[in-house]
Amino acid sequence: MLKSVKNEQMKKNILIIDNSEIIRNLLTDYLDDLGYGIEMAVNGQEGIEMALSRDYDLVFCDIHMPKKNGYQVYCEVTEKKPQLPFIMTDSLPDDLADKAVDKGAFACLAKPFSLDQIEEVLRDIFKRD
Amino acid sequence: MSFQKFINSLKLRTKFMLPISVLVISSVFAISSYLIKSQNENMRTDLEDKGIMMLKIVSTSAESGVLFESEYELNELLERVTQFNDITYAAIFRPDNSLLAEAGIWDDSNIESISPFIDEDIIDEKNIDSLVIGKNGKEFLKMSHDITTLINTLNREILGIRAGNDIKNQSQVVETIGKLIIVISLENLNKSIYESKKTAIVITLIVLLLTIIMIAFFIDLVISPIKQLVSVAEKVKMGDLSQKADLNQSDEIGHLADTFDNMVESLRETRDEIEEYNRNLEQKIIERTLELEEVQVQLIQSEKLSAIGQLAAGVAHELNNPLGGILGYSQFALEKMKKSSENASEPIDHSKFIRYLTDIETQARRCKTIVQNLLRFSRSSKSTDFRRVDMNAVVEDTCTFVEHQLYMNQIELELILSDKLPQIQGDAGQLQQVFTNLIINAMHASPQESVIKIATRFSQSVGEFAGAIEIIVSDKGSGISTENIKKIFEPFFTTKQVGKGTGLGLSVSYGIIKEHGGEIRVDSTVDEGSTFTVILPVQNIVESPINQVSTENQ
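Here is what the cut-offs are and how they apply
Residues numbered from 1 in each chain as written. Chains lettered and ligands numbered in written order. Predicted model: local features only at pLDDT ≥ 70, side-chain atom pairs only at ≥ 80, totals over all residues. Helix = DSSP H or I, 4+ residues; strand = E, 2+ residues; numbered from the N terminus. Buried ≥ 20, exposed ≤ 12 C-beta atoms within 10 Å, placed from the backbone. Contact = placed C-beta atoms within 7 Å. Pairing = 2+ DSSP bridges. Axes fitted to C-alpha atoms, helices over the stretch in contact; angles between N-to-C directions. pLDDT = per-residue confidence, 0-100. Nonpolar A, V, L, I, M, F, W, Y, C, P; charged D, E, K, R; others polar. Parallel < 35°, antiparallel > 145°, perpendicular 65-115°, else oblique. Left-handed = near helix turned anticlockwise from the far one by under 90°.

A. Fine view of the overall build of chain A. When helices and strands are counted, chain A shows six helices and five strands. Each helix (α) and strand (β) of chain A, taken in turn from the N terminus, gives the series α-β-α-β-α-β-α-β-α-β-α. Counting all 129 residues of chain A, 41% fall into the buried class. Summarising the internal contacts of chain A: among those between residues at least 6 apart in sequence, 62% fall at separations of at least 24.

See the structure below:
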């Protein structure tokens, strides 16, 4: 299963925006293992700056963060880069996550999410390409 | 003191006795003195009448003796006169005031003083009497009478003619030929007067005594029930309502006593009712107090639940991240293990696996801490559970709950914790509730990107406390108006929007801190911020290290 994903992707770059260190580490370990290029931002503001300054194929963005929440990040980034896919992560059921999905975010994963869910979402996204 | 006042100050007995005694005494005296006086007069008159009779008889008898100047005969006559009671002295004087004859003795030797013709004034018309006081103070009655004769008779005597048939035809010229004087001693009279006076006085006194005794007896009859009534009333006044006068009299006082008894009876009934009511009231107060205490406990609990509700999001966030890590890393490690066992060309990288498992353990521990913390906080404490508490740990634990919310509201939390805090006796869960409340309040008042500072410190002396821990929560928020600052500890007072606060937070916090023997102080300026200082006394520390239980292990 992991192999199939790995074969499909051509060194795609993924930005992870999350203030939780353990989540950042997990996603990094897992996606790195799958062969993606990973970069990290620890809060919303930093995430926006990175997302706008470099090219990424996908953004993992947490909703509840200091200095700009996930929804703000999504709005500000997609305003400039409307094609950039966002996967929102959310530790709480929140209107902001729903609003982001309504506006076009690819998916919202509720924490704690399993790796299967990530794999599925990744497959869906990169299949389209 | 006016007369009216004097009368009013008298006792009832005196009030009765005084006028009655005065009346009785004066009337008895009036009657007896009138009787004595009239008796005296009668006796005196009697004596005088006897004297006059004596004078008339003796002067008639003495006529011939005087005519013939027969001293012997006259002396004999006077001697007999003085034999009579009370007549002490008798004398006959010639018209020229010379003594013709006398008998008896009179202690006043000055015969001149009784001379009838010298002192004309003392002889009244009837020739009756005059009072003479003797030298020794004895009283005498001096009486005199003319000794008369008819001249014709004289002539006839001289002529020796004794026939008297033609006397009536003679001219009746009366010639005074001498004067008879008798002196009657009043000693006996006075003695008997004195005796009768004495008797009268004794009788008067006896009558008086009897009267007074009678009056006193009757007054007692009237007064003693009144006294009894008064003594019962006194006892009633002292609170003994079981007293009864029970006079069993049918007069006005009896009626008064019956009325009084009835009054006391109904008073007693009323008092018993009131006491019964009071007992019920006390019972009710105790019941209500217990109910209130129950409600207070429930209030603390519900306020706590409200706080938990507000913190739930933060707690979920706190839990979901480590749980996500645990879930993800365990899956990841499992996948890797499976792959390695299926395909020998992919060996297990032990160092990576150690890191995954360490992360899992760390995150699981974090979850455990959060859950424990939450449970400790939400535990329903019917009574306060006092243990040794490290206030820094309480503050830090509290912060883990609220951190997320502060984070979300983009408010920074700055902890300045003193490392020299002694431990205190306290209920960690309740104290956490206080600080949760204070921090959430500060958060609600603070604008975005402001800082809430929490500092702990130990002071040797704060206000009335000798040795206390101060926990200072200060914000740069909207502050509290002077009008509201008086009300912030009142239950249900809130300036927050509906749904954001119960209005119980500070009042419950205040109760908790009071329970810990401490106090909460507020210092606030509108638009500049508020500082809440919780002061907890440390006098109840037990210094034995064996008993030290950190909040972590509770």
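B. A look at the sheet that holds strand 11 (residues 519-525) of chain B. Residue and element names in this part refer to chain B. As summarised here, the arrangement of the five strands in space is 7-9-10-12-11, forming an open sheet in which the pairing is mixed. Whereas interior strands pair on both sides, the edge strands pair on one side only; in this sheet they are strand 7 (412-416) and strand 11. Averaged over all adjacent pairs, the angle separating strand axes in this sheet is 20 degrees, with direction ignored.

C. Spotlight on the confidence of the model for chain A. Residues and elements named next belong to chain A. Residues of chain A with pLDDT of at least 70 account for 91%, and the chain-wide mean is 86. At the low end of the mean pLDDT range in chain A sits helix 1 (residues 2-8), at 48; at the high end sits strand 1 (residues 13-17), at 94. For the stretch residues 1-9, pLDDT sits under 50, and the model shows 13 contacts to residues farther than four places along the chain or on other chains.

D. Highlighting the interface of chain A and chain B. On the side of chain B, 20 residues touch chain A, which itself brings 18 residues to the contact. Looking at the side of chain A that touches chain B, the element that brings in the most residues is helix 2 (residues 21-34) of chain A, giving six residues. Along the lines of polarity and charge, the residues of the side of chain A that touches chain B split into 10 nonpolar, five polar and three charged.

E. Structural detail: the sheet that holds strand 1 of chain A. Residues and elements named next belong to chain A. Taken together, the five strands give an open sheet; going across it, the order is 2-1-3-4-5, and neighbouring strands pair in parallel fashion. The open sheet is flanked by strand 2 (37-41) and strand 5 (107-110), the only strands paired with a single partner. Direction aside, the axes of adjacent strands within the sheet are offset by 20 degrees on average. In terms of strand pairing, strand 3 (residues 58-62) meets strand 4 (residues 86-90) through four bridges, oriented parallel. Its bridge partner lying in strand 4, Asp62 is registered against Thr89.

F. Fine view of the environment of A:Gln72. The residue A:Gln72 is located in helix 4 (residues 70-80) in this model. Given 19 C-beta atoms within a 10 Å radius, A:Gln72 is considered partly exposed.

G. Spatial organisation of the packing of helix 6 (residues 252-342) of chain B against helix 8 (residues 391-408) of chain B. Residues and elements named next belong to chain B. Viewed as axis vectors pointing N to C, helix 6 and helix 8 meet at an angle of 95 degrees, and their least axial separation amounts to 8 Å. The angle between helix 6 and helix 8 falls in the class roughly perpendicular. For the pair helix 6 and helix 8, contact is made by Leu311, Ala313, Gly314, Val315, His317 and Glu318 and by Thr400, Phe401, Val402, Glu403, His404 and Gln405, respectively. Across the contact of helix 6 with helix 8, the residue classes tally to five nonpolar, five polar and two charged.

H. Spatial organisation of the pairing of strand 1 (residues 87-93) of chain B. Residues and elements named next belong to chain B. The element strand 1 is extensively covered by neighbouring structure, given that seven of its seven residues are classed as buried. Bridge count between strand 1 and strand 5 (residues 174-185): six bridges; the pairing is antiparallel. What sits directly across from Ala90, in strand 5, is Ile182. Bridge count for strand 1 against strand 2 (residues 99-104) is five bridges, and the pairing is antiparallel. If you follow Ala91 over to strand 2, its bridge partner there is Glu102. Counted between consecutive antiparallel strands, the loop separating strand 1 from strand 2 contains five residues, among which Asn97 sits at a positive phi close to 70 degrees.

I. Broad picture of the packing of helix 8 of chain B against helix 9 (residues 428-445) of chain B. Residues and elements named next belong to chain B. Here helix 8 crosses helix 9 at 35 degrees, and the two axes come no closer than 9 Å. By crossing handedness, the relation of helix 8 to helix 9 is classed as right-handed. Contacts between helix 8 and helix 9 involve Val394, Val395, Asp397, Thr398, Phe401, Val402, Gln405 and Leu406 from the first element and Ala428, Leu431, Gln432, Phe435, Thr436, Ile439, Ile440 and Met443 from the second. Residue composition of the contact of helix 8 with helix 9, by class: 11 nonpolar, four polar and one charged.

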